[in-house]
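# Chain and residue survey
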Amino acid sequence: DAGITQSPRHKVTETGTPVTLRCHQTENHRYMYWYRQDPGHGLRLIHYSYGVKDTDKGEVSDGYSVSRSKTEDFLLTLESATSSQTSVYFCAISEYWNSPLHFGNGTRLTVT
Amino acid sequence: AQTVTQSQPEMSVQEAETVTLSCTYDTSENNYYLFWYKQPPSRQMILVIRQEAYKQQNATENRFSVNFQKAAKSFSLKISDSQLGDTAMYFCAFMKEAGGGADGLTFGKGTHLIIQP
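Description of the structure in this document.

## Notes on the environment of Gln-39 of chain B
- Examined against the element boundaries, Gln-39 of chain B turns out to sit in strand 5 (residues 32-39).
- Separated by 50 residues in sequence, Gln-39 of chain B and Met-89 of chain B place their C-alpha atoms 5.0 Å apart.
- Every residue in contact with Gln-39 of chain B, bar those within four places of it in the chain, is listed here: Gln-37 and Phe-90 of chain A together with Gln-44, Met-45, Ala-88, Met-89 and Phe-91 of chain B.

Structural data, given as structure tokens:
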């Protein structure tokens, strides 16, 4: 299995608070992604990265920001969490742009 | 933009039966990749199979095979000799051929497959 660690695994936070989710990989893969999974929607891309300091927006990027200062770490930040951001968040990595994505185990975030 | 449609929200079959999950997609791209992922109750996303659009031969992985019909934009997954461990959500996903960066996968909404003993 690809070495991907997401932290935390679970988090409960209040509306309006900042939240940062971390994705750490040990595979030295160039590409990293953040998805959210909601019932009835499948997985939707939030942001992705194609190298250190190189990031771009996905389908549902509003309210989220990302940073990648090292190859191995990709951070997802909710500047001011809202209840609509309650979801399961998945990080994924791929070695090349057309490689299959390998996923972390997800972070369940609840915003109350 | 690409869209992926899985028209079967839920399916249930008996153990050892063969089951086919449907997936259609809409794209103007000529070169792309298609995937099936499995998500068991553990929540882990597991790659099942991958198909390159430029390959006419259908991909197979043990009990899993696909029926790729490029003109019809159809990509169904067949599971033979189904097992209890195949119970999971199955997601069809599309990846376009990227020019510069890579924008990952576009997923369908999933099919919940239940294998009955």
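There's plenty left to go through after this.
## Here's the deal with the interface of chain A and chain B
- Every contact between the two is made by 26 residues of chain A and, on the other side, 22 residues of chain B.
- Summed over both partners, the interface of chain A with chain B comes to about 2,000 Å²; 58% of that surface belongs to carbon and sulfur atoms.
- The largest share of the area that chain A buries against chain B comes from Leu-43, Trp-97 and Phe-103 of chain A, three residues that together contribute 28% of it.
- Taken together, chain A and chain B are joined by zero salt bridges.
- Where chain A packs against chain B, one counts seven residue pairs in polar contact (both at pLDDT 80 or more).
- Of all the secondary structure elements, the ones that give two or more residues to the side of chain A that touches chain B are strand 4 (31-38), strand 5 (42-51), strand 9 (87-94) and strand 11 (107-111) of chain A.
- In terms of residue count, the dominant contributor to the side of chain A that touches chain B is strand 5 of chain A (five residues).
- Of the residues contributing to the side of chain A that touches chain B, the split by class is 13 nonpolar, ten polar and three charged.

The rules behind each value
- Residues numbered from 1 in each chain as written.
- Chains lettered and ligands numbered in written order.
- Predicted model: local features only at pLDDT ≥ 70, side-chain atom pairs only at ≥ 80, totals over all residues.
- Heavy atoms only, no water.
- Helix = DSSP H or I, 4+ residues; strand = E, 2+ residues; numbered from the N terminus.
- Contact = heavy atoms within 4.5 Å.
- Buried area = accessible area lost by both parts, 1.4 Å probe.
- Salt bridge = Lys/Arg side-chain N within 4 Å of Asp/Glu carboxyl O.
- Polar contact = N/O pair within 3.5 Å; in protein donor to acceptor, adjacent residues only side chain to side chain.
- Nonpolar A, V, L, I, M, F, W, Y, C, P; charged D, E, K, R; others polar.

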